[in-house]
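Below, each chain spelled out in residue letters.
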Amino acid sequence: MFKENKGEVLHGILLIVLFSFSAFYIAEFEFVKQLSFSPLIVGIILGMLYANSLRNKLPETWVPGIKFCSKQVLRAGIVLYGFRLTFQSVIAIASAILIDVIIVTCTILLGILVGKLLNMDNDLALLTATGSAICGAAAVLGAEPVVKSEPHKTAVAVSTVVIFGTLSMFIYPILYRAGVFDLTPEQMGLYTGSTLHEVAHVVGAGNAMGKEISDSAIIVKMIRVMLLAPVLLIMSFALARRAVKAVKGDKNTTATQRGKITIPWFAFGFLAVIGFNSFDWLPVPVVDGINSLDTFMLTMAMTALGAETNFEKFKQAGAKPFLLAAILYIWLLGGGYLLVKWLA
């Protein structure tokens, strides 16, 4: 990356940094807070606005800096995300692990199956399913280096989980208060944490239903977030096997291209950071500072991805990704409810 002119690379990085600062500022607006739009979501919107307005008026030599933010900064941000978790929090609600594993596994497999039935792009279907299954935008970002998809596909996948996750944040409290969900507060916490898309959505919906529900919902959600690392590892091996099958009928493909596994080393870093954080060696203010830095880095990555996304790409993607996300949303609502009723 830095074989390019360093000054030009830094120009691109500085541009993303400025957009990210703006995203944090806008995220503090009251109406944005009510929507529970985190700086990450605001960042990708700003990046897309830039991509569809000023992008052609700025030097192309700045592009390497933007790509640096969407690749290297992204991986570092996913590793530091581990400071939000501890293994002790998982043990506290051990019964939720089974529910989360079933939800994540079934959602990803259903997403792949429905994507094939809809004749969707494989990478886009996988990214959408991963975002719905685990932790929304952060999961899509985590899967992107493994899937190696085009930036616009990542942006489309993020958009779907944001839309349906935001809907859930308002729908869950309304249905719970109306008595539609025949669940105890403990079960409602499990249901909320195991089915809502973003961490921010879980916090917003949980707080609207009461502290008892909110506390357990956040822990259950954090367990889902921890599943990101093993999912990425499995995904890497599965994609390598798919590549082997794809080249079997191509005689011109060399043997060295077959079965190449992209090991997501940052996933191991993510787990290592969780383990380190579990010992509680760092003071709370330091961990809070790291989490703030991490949020900024992930916002930079989201902004950079948005900056690589033209609205024309959304038109090319069509309605299928949103239809897939809607089907997965219905599964999370209904299937998640039945799982909690049966297993909790």
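The rules behind these values
Residues numbered from 1 in each chain as written. Predicted model: local features only at pLDDT ≥ 70, side-chain atom pairs only at ≥ 80, totals over all residues. Heavy atoms only, no water. Helix = DSSP H or I, 4+ residues; strand = E, 2+ residues; numbered from the N terminus. Axes fitted to C-alpha atoms, helices over the stretch in contact; angles between N-to-C directions. Parallel < 35°, antiparallel > 145°, perpendicular 65-115°, else oblique. Left-handed = near helix turned anticlockwise from the far one by under 90°. Contact = heavy atoms within 4.5 Å. Nonpolar A, V, L, I, M, F, W, Y, C, P; charged D, E, K, R; others polar. Core = buried A, V, L, I, M, F, W, Y, C linked by side-chain atoms within 4.5 Å. Buried < 20%, exposed > 50% of the residue type's maximum accessible area, 1.4 Å probe, protein only. Patch = residues over 30% accessible without salt bridge, like charges linked within 9 Å, V, L, I, M, F, W, Y side chains within 5 Å. Areas by Shrake-Rupley, 256 points an atom, 1.4 Å probe, with all protein chains shown as cover. Salt bridge = Lys/Arg side-chain N within 4 Å of Asp/Glu carboxyl O.

K.L.:
So what about unusual backbone geometry? Which residues, and what values?
P.N.:
Even without being glycine, N119 reaches a positive phi, approximately 60 degrees. Along the chain, N119 turns up in the loop between α6 (95-117) and α7 (122-133). Within the chain, K148 stands out as a residue other than glycine whose phi angle is a positive 60 degrees. Take K148: it is sitting in the loop between α8 (137-147) and α9 (151-177).

K.L.:
Now, about the packing of helix α4 (residues 63-80) against helix α14 (residues 265-278): what can you tell me, with residues and values included?
P.N.:
Contact geometry of α4 with α14 gives a least axis separation of 7 Å together with a crossing angle of 30 degrees. Of the possible angle classes, the one that applies to α4 and α14 is roughly parallel. Crossing handedness for the pair α4 and α14: right-handed. Contacts between α4 and α14 pair R75, I78 and V79 from the former with F266, G269, F270 and V273 from the latter. Broken down by class, the residue content of the contact of α4 with α14 amounts to 5 nonpolar, 1 polar and 1 charged.

K.L.:
Describe the nonpolar core, and please don't skip the residues or the numbers.
P.N.:
Inside soluble globular proteins, nonpolar side chains tend to come together where they are buried. Within the largest apolar cluster, 55 residues are counted, with the highest numbers of intra-cluster contacts made by I134, M235 and M302. For M302, the residues in contact, after removing those within four places along its chain, are L40, I41, G43, I44, A137, L141 and V158. In this structure, A27, V42, A304 and A307 belong to the second largest nonpolar core, which totals 26 residues.

K.L.:
Please provide a residue-by-residue account of a nonpolar patch on the surface, values included.
P.N.:
A surface patch of nonpolar side chains, about 620 Å² in accessible area, is lined by Y25, F29, F31, L35, F170 and I174. Take Y25: it is sitting in helix α1 (residues 6-27). Overall, Y25 belongs to the exposed group, its relative accessible area being 59%.

K.L.:
Would you mind going over the pattern of salt bridges in detail, with residue names and values included?
P.N.:
With the rule as written, the count across this model stands at 6 salt bridges. A salt bridge links D294 to R84; the shortest N-O distance between them is 3.0 Å. One end of the pair, D294, is in helix α15 (residues 284-307); the other, R84, is in the loop between α4 and α5 (87-92), with 210 residues separating them in the sequence. With relative accessibility at 0%, the residue D294 sits in the buried group. Here K153 and D121 are joined by a salt bridge, their closest N and O atoms 3.0 Å apart. In this pair, K153 is assigned in helix α9 and D121 in the loop between α6 and α7, connecting sequence segments 32 residues apart. Residue D121 is classed as partly exposed on the basis of its relative accessible area of 33%. Each of D121, E150 and K153 takes part in one network of salt bridges that share partners.

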